[in-house]
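Here is what each chain is made of, one letter per residue.
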Amino acid sequence: MGKSWLYIEPYVMINKNTNKILLTNTLEGSNFIYNNDQVLDNLLNKLLDVKNNYCIQINHSDFNNSSIMGFISFLRTHYLADYINQENNRKKPFIIYPLLNLQDEVGRFSNDKNPLEEKVISYLSELFLYINSSNQGNVFSPYRQYPCPINIDNGNSRLTSNEIGKVIEQLRYSTVSVINVFDDYLFEIEKKERDKIIGLFDSLSMKKMYHFDAKKIIKFIDKINILNSPKNELNIHLFVKEDFNFLTELIYLLDNINANYRFTFSVTEEVDYHSAMEVINQSQLNNYEIKPLFNGKNHSFFKRNIFLSEREILNGTIYKKDIFIHKKLNNNDFGRLYVFGNGDIFANVNNPKVGNITEDSLKGVICKEMMTEDNWRKTRNYFPCSNCLYQF
């Protein structure tokens, strides 16, 4: 066979390493694996060169190469690629290379940041206010794994109502969807200060999620109705198996005051999970989450129940927008900021702070996050993810 045009379908995304090739049909969200070798690697490097637009010329010697023809046959079988004989079509086909082109790409603002600064607050979607705590927990502290009450005595680390007000004023006309409030001593502080804090939150139109340890809710159940509002929700955390026994009582007490609530269960072993599901089913609870909690000793539990196998990854569905998102931002961190009782601001509670409310505006912190790759824009291009076939 003579010269032909080999092209990849525009809906196909390709990632490869030395040994394997991952091909994703982003129309169906399906994945395919093919063994890589030096010949195919060279072929793919040409196809993946943006200047070639997913289309290259192949000739007689390529058709006689068993490695190349085996790969092309595989691609055609799964509708991932095809070739056109140049005798029938000498003009190179135009294939749209799957390249993300963002009008607000931060790299475009290296010389003039004004366009970014004007709309930067819109990138903030969720705020976490740890009013009475500082970020001093150990590596296995639950709040470092998912947002929850800290339950650590941090001395005098507490945001005043004036400091909270300063934060809230920056959010008043923002697109933030949820403010998460963590305050173990909300029902113990002076009534005047408590009423002022609650009033500040109630002045905002977005949803407020108040997080409490189950033991705290039971202790102050007679005061919890001051948080009753259509825009407020209680998230009650049950950290240990013994806490699960409070569930029936808590539901009864909360229903009596018409509270809007949900529960979050922490589990470290299968027995915790089964205990949680038992009380959930008995109580006919609908609004709940179960969070696996790593304590440094339950790696086998995570390996059995949490970690994904290669087969599970390949059987999952992923679309073009998912791959583009993973290439451009960290969707675990993006849009989130955490403010602690000493004023420190974090984009990720496991990384260094990014500011302090006494010195920095939220707008300034967000702008810095958008210009750097430390948290929000820390993608899987970094080791060890950069070596993974399933990087994106």
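Coordinates for the structure precede this section.
For the structure given in this document, a descriptive report is provided here. Source: prediction; values computed, not measured. (Residues numbered from 1 in each chain as written. Predicted model: local features only at pLDDT ≥ 70, side-chain atom pairs only at ≥ 80, totals over all residues. Heavy atoms only, no water.)

Another aspect to go through is the packing of aromatic side chains. Remark: the centre distance and the inter-plane angle together describe each pair of aromatic rings, the angle taken between the planes. In total, this model carries 22 aromatic pairs according to the counting rule given. Between the aromatic rings of Tyr 130 and Phe 340, the centroid separation amounts to 4.8 Å while the plane-to-plane angle is 5°, which identifies the pairing as stacked. In this pair, Tyr 130 sits in strand β7 (residues 126-130) while Phe 340 sits in strand β13 (residues 336-340), placing the two residues 210 residues apart along the sequence. Per residue, the accessibility class of Tyr 130 equals that of Phe 340, and both read buried. When the ring of Phe 301 is compared with that of Phe 302, the centres are 5.7 Å apart and the planes differ by 85°; the resulting orientation is edge-to-face. Like Phe 301, the residue Phe 302 is buried in the burial classification. By the ring-pair criterion, three or more aromatic residues cluster together here, those being Tyr 130, Tyr 143, Phe 182, Phe 340 and Phe 346. (Phe/Tyr/Trp six-rings, centres within 6.5 Å; stacked < 30°, edge-to-face > 60°. Helix = DSSP H or I, 4+ residues; strand = E, 2+ residues; numbered from the N terminus. Buried < 20%, exposed > 50% of the residue type's maximum accessible area, 1.4 Å probe, protein only.)

Core analysis: the biggest nonpolar cluster contains 60 residues, and Phe 201, Leu 234, Phe 263, Phe 265 and Leu 337 have the highest contact counts within it. The greatest single-element share of this core, amounting to 5 residues, is contributed by helix α13 (residues 362-371). If we ignore the near neighbours within four places in the chain, the residues touching Leu 337 are Leu 124, Glu 126, Leu 127, Phe 128, Ile 345, Phe 346, Ala 347, Leu 362, Val 365, Ile 366 and Trp 376. Core analysis: the second largest hydrophobic core is formed by 29 residues, Leu 44, Ile 56, Phe 63 and Ile 68 among them. (Core = buried A, V, L, I, M, F, W, Y, C linked by side-chain atoms within 4.5 Å. Contact = heavy atoms within 4.5 Å.)

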